[in-house]
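# Coordinate inspection notes
Chain by chain, the residues run as shown.
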Amino acid sequence: QSECNFVCDIPHAFVDSIGHVCVINDGICFVQPDCNQLAPDFPSDTSKLPRLEKVLVISQEWGIAMYHGVLESLIKLGDVLSILHADESIHVHVPGQPDNPSILFPPMLSDLGIKPSRLVSGPIKADMLIYPRATPCMNPSTRQLLKFRQVIENTDCYRKYTSSHMKPNILLVRRENGTSR
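What this report covers is the structure whose coordinates are included nearby. Since the model is a prediction, treat every value here as computed from it, not as a measurement.

### Quick word on the overall build of the protein
- Across its full length, the protein carries 5 helices and 9 strands.
- Each helix and strand of the protein, placed in order from N terminus to C terminus, yields the pattern β-β-β-β-α-α-β-β-β-α-β-β-α-α.
- Taking all 181 residues of the protein together, the buried fraction comes to 39%.
- Intrachain contacts of the protein at a sequence separation of at least 6 include 72% that bridge at least 24 residues.
- As displayed, the protein offers around 10,600 Å² of accessible surface, 54% of which is attributable to carbon and sulfur atoms.

Rendered as structure tokens:
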């Protein structure tokens, strides 16, 4: 078992469909401290797995669901989005089946400047895995949330929906006993 404080670079490793990582040379496997209730699903013969040079892993179990996908997988990008923008050869491992990423990720990552062609899913090998710190199930890190919020606030999509011409709606609820919230 190992833990990454922020981001780890792991040479010669492979990742299964839900983000478990195994180092190929040493046979050392470690599991993210997240929602993974399933045992790692590493094939006995890794020679047939697709091999990529550099892969960033944001996959976690339950990542295809909206809550887990956004608050446990996508928030990992706050620490590494600048790396992805600087090096377009890095693929992003997202939840889903081989060659069929969850429909949640392509549009969201596209808004962050990551082309859908860079997304991969399913078991793969990588010469270098970039592994942001995992998010415990239903307990995202405040630091990661704030960092990801900064990332979101710099997107055109965010600015479009929060421009000054849009007025916020305020809802006042009056209770029978005369109190309001």
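### A word on the pairing of strand β4 (residues 51-57)
- Of the strand pairs in this sheet, β4 and strand β9 (residues 124-132) are connected by 5 bridges, and their pairing is parallel. Bridging across to β9, R51 finds its partner in K125.
- Bridge count between β4 and strand β5 (residues 90-93): 4 bridges; the pairing is parallel. Along β5, the bridge assignment pairs K54 with I90.

### Observations regarding the layout of surface pockets
- Each pocket or cavity is described by its volume, and for the largest pocket that value is around 230 Å³.
- Looking at the lining of the largest pocket residue by residue, the classes come out as 5 nonpolar, 7 polar and 1 charged.
- Estimated volume of the second largest pocket: approximately 200 Å³.
- What lines the second largest pocket is V70, L74, M108, D111, L112, L145, F148, R149, I152, T155, C157 and Y158.
- Taken together, the elements giving at least two residues each to the lining of the second largest pocket come down to α3 (105-111), α4 (142-153) and α5 (156-161).
- In terms of residue count, the dominant contributor to the lining of the second largest pocket is α4 (4 residues).
- Class assignment of the residues belonging to the lining of the second largest pocket gives a composition of 9 nonpolar, 1 polar and 2 charged.

### Observations concerning helix α1 (residues 66-73)
- Regarding α1, the residues found buried are H68, G69, E72 and S73. Projected onto a plane normal to the axis of α1, the buried residues spread over an arc of 110° and lie on a single side.
- On its buried face, α1 is in contact with α3.

### Thoughts on α4
- Taking 1.5 Å of rise per residue, the 12 residues of α4 would be expected to cover 16 Å, and the 16 Å separating its terminal C-alpha atoms lies within 8% of that figure.
- For α4, the complete set of buried residues consists of Q144, F148 and V151. Buried residues along α4 cover an arc of 50° about the axis, so they all sit on one side. Along α4, exposed side chains directed more than 90 degrees from the buried face belong to T142 and R149.

### Let's talk about unusual backbone geometry
- In the Ramachandran plot, H12 falls in the positive-phi region, its phi being about 50° despite a non-glycine side chain.
- As for its placement among the helices and strands, H12 is situated in strand β1 (residues 7-15).
- For H12, a relative accessible area of 39% translates into the label partly exposed.

### Some details on the nonpolar core
- Judged by nonpolar contacts, the single largest core of 20 residues is most densely connected at L56, I58, L77, L84, V92, F105 and L109.
- Beyond its immediate chain neighbours, meaning those up to four positions away, L77 contacts L56, I58, L84, L109, L112 and F148.
- V15, L52, L129 and Y131 belong to the second-largest nonpolar core, a separate cluster that totals 13 residues.

### Quick look at the pattern of salt bridges
- Here the structure, examined in full by the defined rule, presents 5 salt bridges.
- A salt bridge links K54 to D87; the nearest nitrogen and oxygen atoms lie 2.5 Å apart. In this pair, K54 is assigned in strand β4 and D87 in the loop between α2 (81-86) and β5, connecting sequence segments 33 residues apart.
- Judged by relative accessible area, K54 falls into the partly exposed class, the value being 21%.
- Given the relative accessible area of 22%, D87 is considered partly exposed.
- For R143, the salt bridge is made with D79, and the minimal N-O distance between the two is 2.8 Å. Of this pair, R143 sits in helix α4 while D79 sits in the loop between α1 and α2, placing them 64 residues apart in sequence.

What counts and how
Residues numbered from 1 in each chain as written. Predicted model: local features only at pLDDT ≥ 70, side-chain atom pairs only at ≥ 80, totals over all residues. Heavy atoms only, no water. Helix = DSSP H or I, 4+ residues; strand = E, 2+ residues; numbered from the N terminus. Buried < 20%, exposed > 50% of the residue type's maximum accessible area, 1.4 Å probe, protein only. Contact = heavy atoms within 4.5 Å. Areas by Shrake-Rupley, 256 points an atom, 1.4 Å probe, with all protein chains shown as cover. Pairing = 2+ DSSP bridges. 1 Å grid on protein atoms, 1.4 Å probe; cavity = no way out; pocket = protein on both sides within 12 Å on 5 of 7 lines; lining within 4 Å. Points joined across faces, edges and corners; volume = space filled by probe spheres on them. Nonpolar A, V, L, I, M, F, W, Y, C, P; charged D, E, K, R; others polar. Arc of directions from axis to C-beta. Expected span 1.5 Å × (residues − 1). Core = buried A, V, L, I, M, F, W, Y, C linked by side-chain atoms within 4.5 Å. Salt bridge = Lys/Arg side-chain N within 4 Å of Asp/Glu carboxyl O.

Treat this as a map of the structure, not an account of what it does.
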